[in-house]
Amino acid sequence: MKFTDGYWLLRDGVKAFHPAEAHHITSDSDSLTVLAPVRRIEKKSDAMAGPVVTVRCSSPMPDVIAVEITHFEGVQPRGPELEIGSSGTAAVDVSVDDREAVLTSGSLSVRFTRGDAWRMDFLAGGRVLTGSGANAMAVLEADGRPYVREQLDLGVGQHVYGLGERFGPLVRNGQSVDIWNADGGTSSEQAYKNVPFYLTDAGYGVFVHHSGKVSYEVASEATSRVQFSVAGQSLRYFVVHGPTPRDILRRYTALTGRPARLPAWSYGLWLSTSFVTDYDEDTVSSFIDGMAERDIPLSVFHFDCFWMREYQWCDFTWDERAFPDPPGMLKRLKDRGLKICLWINPYISQHSPLFAEARENGYLLRRPDGDVWQWDLWQPGLAIVDFTDPAACAWFAEKLDALLDMGVDCFKTDFGERIPLDVVYFDGSDPERMHNHYAHLYNQVVFDLLERRRGRGEAVLFARAASAGTQSFPVHWSGDGEATFEGMAQSLRGGLSLGLSGFGYWSHDIGGFIGLPDAAVFKRWIAFGLLSSHSRLHGGGSYRVPWAFDEESVDVLRDFSRLKMRLMPYLGRIAEEAHAEGLPMMRPMILEFPDDPSCAYLDTQYMLGDSLLVAPVFSADGNVRYYVPEGRWTGLLSGQSVTGPRWVDERHGFDSLPLLVRPGTVLPVGAVDDRPDYDYAAGVVLRVYSPPETMRATTRIVTPGGELSAAFTVERSGGRLRVMADRPVADWAVLLVGEPAPSSIEGATPEHLTDGTLLRALPDALTITVGE
């Protein structure tokens with residue numbers, strides 16, 4: 001929200017009051033409180049008039065400082081608010097003297113300067129990260145409503161990222177962003193997943209602890225500042241120190257929640273019936289048979305909306321006309337090794353048999369006059385489940401529980417963005433604060449049920465809407481994208497932005513949702529989709545089986561599906577990083593290369609984990625331009641090397657794309673290519689790429705449950721390369737990629753292959769002389 005008219009003036013209807021000095025400072029063992037009048041106090045009578053802004057600083061955890069700005073303190077608390085993952089306070093050092101007041105948490109400090117001007121700075125390592133100076137912090141009145149605003153300094157050449165899944169340019173500088181969930185597709189400024197957290201490449205991030213609407217002006221209204229504002233009498237935010245972007249994400253997700261560990265089967269290929277299509281058990285069987293006949297591994301089958309009867313969404317009852325024997329059908333599918341996903345949403349049509357039950361029990365959102373809130377958008381006469389009511393949550397979960405008993409494994413939790421304001425919640429929650437947070441409660445109810453029934457590490461959703469903290473209930477997909485190359489690029493930008501907002505896993509509709517992709521778009525999207533954390537074939541009004549496009553699509557899907565399965569020893573490790581550290585599996589280049597200025601704006605390529613560079617091809621003719629950071633990188637598919645830093649122009653067939661391995665990588669490649677859940681260590685091949693003259697690297701292989709299966713250490717000193725397993729592993733091997741044939745080998749017999757020298761290893765170790 002903009003309050004000013006240029007640099008000098010306020011907009012009509014706006015009054016603004018800014019702290020003028022740190023007049024009165026008090027402290028205790030865990031906080032620092034500053035009373036900041038909006039005028040200089042030179043004589044006692046100056047203290048007679050207000051406002052006075054109260055700024056209180058504390059720390060919930062090391063290297064994180066909370067700032068609470070308050071005007072009137074008599075306002076009743078307005079919930080909900082996300083519960084932060086901390087006991088509430090961390091050990092801090094507080095010092096106050098005649099010149100300044102400082103609170104320090106870990107390596108991060110906040111400093112208030114006494115004197116004739118207002119100044120609050122955040123420092124680390126003796127360097128000012130950002131701060132709030134003259135006319136930055138404010139309490140305001142706009143059109144008769146109170147607001148609180150903060151503006152934090154943004155230095156020259158510094159970039160801002162995050163604020164949820166946004167589909168425009170990755171760098172937020174120059175953008176106006178409202179944190180307000182909306183069902184707006186992937187082609188507009190609206191977003192399904194709004195998160196009031198931004199990350200900078202200047203050593204810090206900022207999280208606004210407010211569940212309602214937060215308005216950002218990112219180097220826009222004030223071009224040297226990031227502005228954020230909320231309606232009301234107070235504003236609370238956290239400054240999160242890094243210094244690296246990875247460190248910032250680790251601390252932010254420790255504060256707001258880490259993504260849950262996911263079952264290994266979820267990383268396989270998901271196939272959907274698509275949205276408004278006609279289908280029955282015969283249709284479903286034909287799809288699954290077709291995939292098997294074409295040797296395409298399939299892990300999950302998803303039934304979209306019309307598994308239920310029209311007009312009755314949601315009644316959680318199979319349409320008996322198309323599915324006369326749901327338990328039998330599900331058993332037949334599961335006997336083929338498939339997991340089953342069902343589409344649901346939190347809306348109950350008045351034509352659903354459940355509507356009367358929910359209405360009579362008070363499980364639906366009501367208008368202030370007591371009527372059930374309803375409208376005709378999406379489903380005629382739909383109403384919305386009130387997830388602030390524990391009884392409504394139990395009722396909703398009970399309906400899903402019966403489906404789990406039937407053999408269903410997971411749910412696609414669609415919708416949850418269009419949540420009205422003219423409603424009354426069971427627990428008295430403020431409707432404005434609940435608008436975004438509703439998606440969090442909705443997904444939590446379903447995820448908690450799955451964890452109770454399936455156990456931790458076995459629960460998975462396919463969710464669309466989210467807010468801060470909802471990363472704890474994965475997976476999330478991008479929503480309704482256009483079936484074009486532009487739509488493909490929009491989806492990628494959204495996923496990278498979401499990853500910089502604390503979400504570890506992300507997916508999208510291969511081929512796009514809106515419209516029918518041509519075969520070129522579909523095939524290029526397949527490669528991108530199978531090199532994403534989760535991979536689903538889904539569309540709007542058409543089936544998305546590959547043979548519906550052309551036979552080459554079948555080949556492309558088979559090849560990239562099997563490639564992903566072979567990469568599971570590597571993907572399993574970076575998935576564990578998502579769960580344990582909050583790092584996204586799909587990483588913007590800036591996350592891995594924060595010191596490379598060429599990476600700051602890159603949003604058409606990404607790192608899959610820390611070792612694989614992926615540059616999707618956004619053209620039918622295969623022309624692609626991408627950036628390679630420093631070092632000798634090697635194409636995983638081609639075996640060709642390229643030395644950066646440099647830009648590269650290439651042309652790729654539909655069976656290829658730039659997929660480069662970072663120099664110094666030891667990439668574990670699995671022995672199984674038809675399923676994602678297998679023993680990743682057995683038969684693993686450690687592909688060694690461009691090892692430096694001196695190195696020591698440990699490659700951890702984790703089980704699908706996150707336990708250590710094996711660890712391999714690679715040491716190089718000059719011409720000697722030694723590879724050691726920490727325990728006996730069946731049939732493991734080492735492939736020296738693109739290196740000259742070793743002059744001597746202890747512990748293995750070499751096989752000379754096209755892309756390098758393969759060494760079948762003994763149970764414990766082998767030593768290689770790679771050059772003298």
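For clarity, every value in this text was computed on a predicted model and none was experimentally measured.

(A) Here's a closer look at helix H6 (residues 431–454). Over its 24 residues, H6 runs 33 Å from end to end, which matches the ideal 34 Å to within 8%, given 1.5 Å per residue. Maximal helix bending in H6 amounts to about 55°, located at His 437. Most of H6 is tucked away: 18 of the 24 residues are buried. Its side-chain oxygen 3.2 Å from the backbone nitrogen of Glu 432, Asp 430 forms the N-cap of H6.

(B) Structural detail: the sheet that holds strand E11 (residues 120–124). In space, the five strands of this open sheet follow the order E8-E9-E10-E11-E12, with antiparallel pairing throughout. Each having just a single partner strand, strand E8 (93–96) and strand E12 (127–132) make up the two edges of the open sheet. Pairs of neighbouring strands in the sheet enclose a mean axial angle of 20°, with direction left out of account. Taken together, the six bridges between strand E9 (residues 100–105) and strand E10 (residues 108–113) define a ladder with antiparallel strand orientation. Among the inter-strand pairings, Glu 100 is bridged to a residue of E10, identified as Thr 113.

(C) A look at the packing of aromatic side chains. Under the counting rule described, the total for this entry stands at 44 aromatic pairs. Aromatic pair Phe 387 and Tyr 442: ring centres 5.8 Å apart, planes at 15°, arrangement stacked. In this pair, Phe 387 sits in the loop between strand E26 (383–384) and helix H5 (390–406) while Tyr 442 sits in helix H6, placing the two residues 55 residues apart along the sequence. By relative accessible area, which is 5% here, Phe 387 ends up buried. Pairing Tyr 627 with Trp 647 gives two aromatic rings, centres 5.4 Å apart and planes at 55°, and the pair type is tilted. Placement of the pair is Tyr 627 in strand E33 (residues 623–635) and Trp 647 in strand E34 (residues 641–651), with a sequence separation of 20 residues. On the basis of relative accessibility, which here comes to 3%, the residue Tyr 627 falls in the buried class. Among the residues examined, Trp 647 registers a relative accessible area of 41% and is labelled partly exposed. Taken together, the ring pairs in this structure connect Phe 275, Phe 306, Trp 313, Trp 343, Tyr 347, Trp 378, Phe 415 and Phe 513 into an aromatic cluster. The lysine or arginine in question, Arg 294, covers the ring of Trp 547, its NZ or CZ lying 4.0 Å from the ring centre. Between the NZ or CZ atom of Arg 464 and the centre of the ring of Phe 415, over which it lies, the distance is 4.5 Å.

(D) Layout of the environment of Met 120. Structurally, the position occupied by Met 120 is in strand E11. For Met 120, a relative accessible area of 0% translates into the label buried. Sequence separation between Met 120 and Ser 107 is 13 residues, and the spatial gap between their C-alpha atoms is 17 Å. Sequence-distant contacts of Met 120, that is, excluding residues within four places in its chain, are made with Val 55, Val 67, Val 110, Arg 111, Phe 112, Gly 131, Ser 132, Met 137, Glu 150 and Tyr 237.

(E) Inspection of the sheet that holds strand E38 (residues 694–702) at higher detail. Pairing in this open sheet of five strands is antiparallel, and the strands run E38-E39-E40-E45-E42 from one edge to the other. The open sheet has two edge strands with one neighbour each: E38 and strand E42 (744–746). Put simply, the sheet's adjacent strands are angled 10° from each other on average, direction ignored.

(F) Helix H1 (residues 245–256), seen in detail. When the terminal C-alpha atoms of H1 are compared, their 16 Å separation across twelve residues agrees well with the 16 Å that a helix rising 1.5 Å per residue should span. Listed as buried for H1 are Pro 245, Arg 246, Ile 248, Leu 249, Tyr 252, Thr 253, Leu 255 and Thr 256.

(G) The environment of Asp 414, seen in detail. For Asp 414, the location among the structural elements is in the loop between strand E27 (410–413) and H6. Asp 414 gets classed as buried once you look at its relative accessible area, which sits at 7%. Sequence separation between Asp 414 and Asp 304 is 110 residues; the distance between their C-alpha atoms is 10.0 Å. Within the structure, Asp 414 has its side chain in polar contact with the side chain of Arg 464 (distance 3.4 Å).

(H) Inspection of the nonpolar core at higher detail. Ranked by internal contacts, the top residues of the largest apolar core, which has 203 residues, are Phe 303, Trp 307, Phe 396, Phe 411, Leu 531 and Trp 732. Apart from the residues lying within four places of it in its own chain, the contact partners of Phe 396 are Phe 316, Ile 344, Asn 345, Pro 346, Val 385, Phe 387, Tyr 442, Val 445 and Val 446.

Criteria and cut-off values
- Residues numbered from 1 in each chain as written.
- Predicted model: local features only at pLDDT ≥ 70, side-chain atom pairs only at ≥ 80, totals over all residues.
- Heavy atoms only, no water.
- Helix = DSSP H or I, 4+ residues; strand = E, 2+ residues; numbered from the N terminus.
- Expected span 1.5 Å × (residues − 1).
- Bend = angle between axes of the 7 residues up to and from the residue.
- Buried < 20%, exposed > 50% of the residue type's maximum accessible area, 1.4 Å probe, protein only.
- Polar contact = N/O pair within 3.5 Å; in protein donor to acceptor, adjacent residues only side chain to side chain.
- Pairing = 2+ DSSP bridges.
- Axes fitted to C-alpha atoms, helices over the stretch in contact; angles between N-to-C directions.
- Phe/Tyr/Trp six-rings, centres within 6.5 Å; stacked < 30°, edge-to-face > 60°.
- Lys NZ or Arg CZ within 6 Å of the ring centre and 35° of its normal.
- Contact = heavy atoms within 4.5 Å.
- Core = buried A, V, L, I, M, F, W, Y, C linked by side-chain atoms within 4.5 Å.

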